[in-house]
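Secondary and tertiary structure notes
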Amino acid sequence: MYAGTFSIVAHDVAAGCAGVAISTCMPAIGSLAVHARADSGAVATQALINPLLGIDGLELLRTHSAEEALGKLLASDPGAESRQVIVVDRCGRAAAHTGPETHPWRGHRVGPGYAVAGNMLVDARTVDAMAERFEATAGEPLHERLLASLEAGQRAGGDRRGKQSAALHVNNGAPYPYLDLRVDDHPEPVAELRRIHEVAKAEMLPFVAALPTRENPRGRFDELLG
């Protein structure tokens, strides 16, 4: 099954975090297509999804640029012509692939620190709007920029089949996510993702900031509870 999808991957080099935002008209897209780790970068795989491209891509990004990693991933994948993959490395370099067998409208945009892509879209305005919005929000936290970009893509048309799921994932270098939000089945998944994001921003992110880390195994709960 093709997953007509629009997504963005990005790495905020100054803040040291990487993330992905994605939406599609199939359930639970966040369970398969989203891969991010601050010490490597971020990968989104869509169309005929191959999660191995995300898993292997993060490993390759430890020692390769986005362009090099993407080249190796595609060379190893016999179904590359049916894939759409976007990659960003920890230096903010981005690369993208839209296979000729993916369904129109299909295409991608690459910019400083990010890449956006979509297939089975209404038209090119979805990815154009995503890129423009991401660039316009420079200086804001990465999770805000990713979600704003996704919202812009939805307003511009999004998946031509409709709406069903969305996800937002950000890693800031810890072995666990900084933010990992999913809307697995909803008539307005991007709007619902925004609602959950606002709740998480107020109630969860302060708690995440206090969690134990490798550098501070006790965590900072005294600050949170004091």
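Everything that follows concerns the structure shown earlier in this document.
Residues numbered from 1 in each chain as written. Predicted model: local features only at pLDDT ≥ 70, side-chain atom pairs only at ≥ 80, totals over all residues. Heavy atoms only, no water.

Any covalent bond linking the sulfur atoms of two cysteines counts as a disulfide. Enumeration according to the criterion identifies zero disulfides in this entry. Unpaired in terms of disulfides, Cys17 finds its nearest cysteine sulfur in Cys91, a separation of 14 Å. The class of Cys17 is buried, set by a relative accessible area of 9%. (Disulfide = S-S within 2.5 Å. Buried < 20%, exposed > 50% of the residue type's maximum accessible area, 1.4 Å probe, protein only.)

Glancing now at the sheet that holds strand E7 (residues 107-111). Strand-to-strand pairing in sheets goes through backbone hydrogen bonds, with the strands running parallel or antiparallel. In space, the six strands of this open sheet follow the order E7-E8-E1-E2-E9-E10, with antiparallel pairing throughout. Of all strands in the sheet, those with a lone pairing partner are E7 and strand E10 (179-183), marking the two edges. Each strand of the sheet is rotated relative to its neighbour by a mean of 5°, with strand direction disregarded. Examined bridge by bridge, strand E1 (residues 5-12) and strand E8 (residues 114-118) share five bridges and lie antiparallel to one another. Across the sheet, residue Ala10 finds its bridge partner in E8, namely Tyr114. Of the strands in this sheet, E1, strand E2 (17-24), strand E9 (165-171) and E10 are in contact with helix H4 (residues 142-155), which crosses E2 at around 20°. Its contacts with the sheet put helix H5 (residues 189-203) on E2, E9 and E10, and the angle it makes with E10 is roughly 145°. (Pairing = 2+ DSSP bridges. Helix = DSSP H or I, 4+ residues; strand = E, 2+ residues; numbered from the N terminus. Axes fitted to C-alpha atoms, helices over the stretch in contact; angles between N-to-C directions. Contact = heavy atoms within 4.5 Å.)

Moving on, we get to the packing of helix H3 (residues 125-136) against H4. Taken N-terminus to C-terminus, the directions of H3 and H4 make an angle of 150°; their axes are 7 Å apart at the nearest point. In terms of orientation, H3 and H4 fall into the roughly antiparallel class. In this structure, H3 crosses over H4, and the sense of that crossing is right-handed. For the pair formed by H3 and H4, the contact residues are Thr126, Ala129, Met130, Arg133, Phe134 and Glu135 on the first element and Leu142, Arg145, Leu146, Ala148, Ser149, Leu150, Ala152 and Gly153 on the second. Split into classes, the residues belonging to the contact of H3 with H4 amount to eight nonpolar, three polar and three charged. (Parallel < 35°, antiparallel > 145°, perpendicular 65-115°, else oblique. Left-handed = near helix turned anticlockwise from the far one by under 90°. Nonpolar A, V, L, I, M, F, W, Y, C, P; charged D, E, K, R; others polar.)

Now for the sheet that holds strand E5 (residues 83-89). Taken together, the four strands give an open sheet; going across it, the order is E3-E4-E5-E6, and neighbouring strands pair in antiparallel fashion. The open sheet is flanked by strand E3 (34-37) and strand E6 (94-98), the only strands paired with a single partner. The mean angle between the axes of side-by-side strands here comes to 5°, regardless of whether they run parallel or antiparallel. Strand direction decides the pairing type here: E5 and E6, joined by five bridges, are antiparallel. Bridge pairing in E6 links Val87 to Ala95. On the sheet, helix H1 (residues 51-60) packs against E3, strand E4 (41-47) and E5 and is oriented at approximately 165° with respect to E4. Docked against the sheet, helix H2 (residues 66-75) engages E5 and E6, running at close to 30° with respect to E6.

So, on to the environment of Ala42. Within the secondary structure, Ala42 sits in strand E4. Separated by 128 residues in sequence, Ala42 and Val170 have C-alpha atoms that sit 9.2 Å apart. Aside from chain neighbours lying at most four places away, what touches Ala42 is Val9, Ala10, Ala18, Gly19, Val20, His35, Ala36, Leu58, Leu61, Ile86, Val87 and Val88.

So, on to the nonpolar core. Across soluble globular proteins, nonpolar side chains show a tendency to be buried alongside one another. Core analysis: the biggest nonpolar cluster contains 26 residues, and Ile8, Leu146, Leu150, Leu168 and Leu193 have the highest contact counts within it. Elements with a contribution of two residues or more to this core: E1, E2, E8, H3, H4, E9, E10 and H5. Dropping the residues within four chain positions of it, Leu168 is found in contact with Val20, Ala21, His143, Leu146, Leu147, Leu179, Asp180, Leu181, Leu193 and His197. Ala36, Ala44, Ile86 and Ala94 belong to the second-largest nonpolar core, a separate cluster that totals 18 residues. (Core = buried A, V, L, I, M, F, W, Y, C linked by side-chain atoms within 4.5 Å.)

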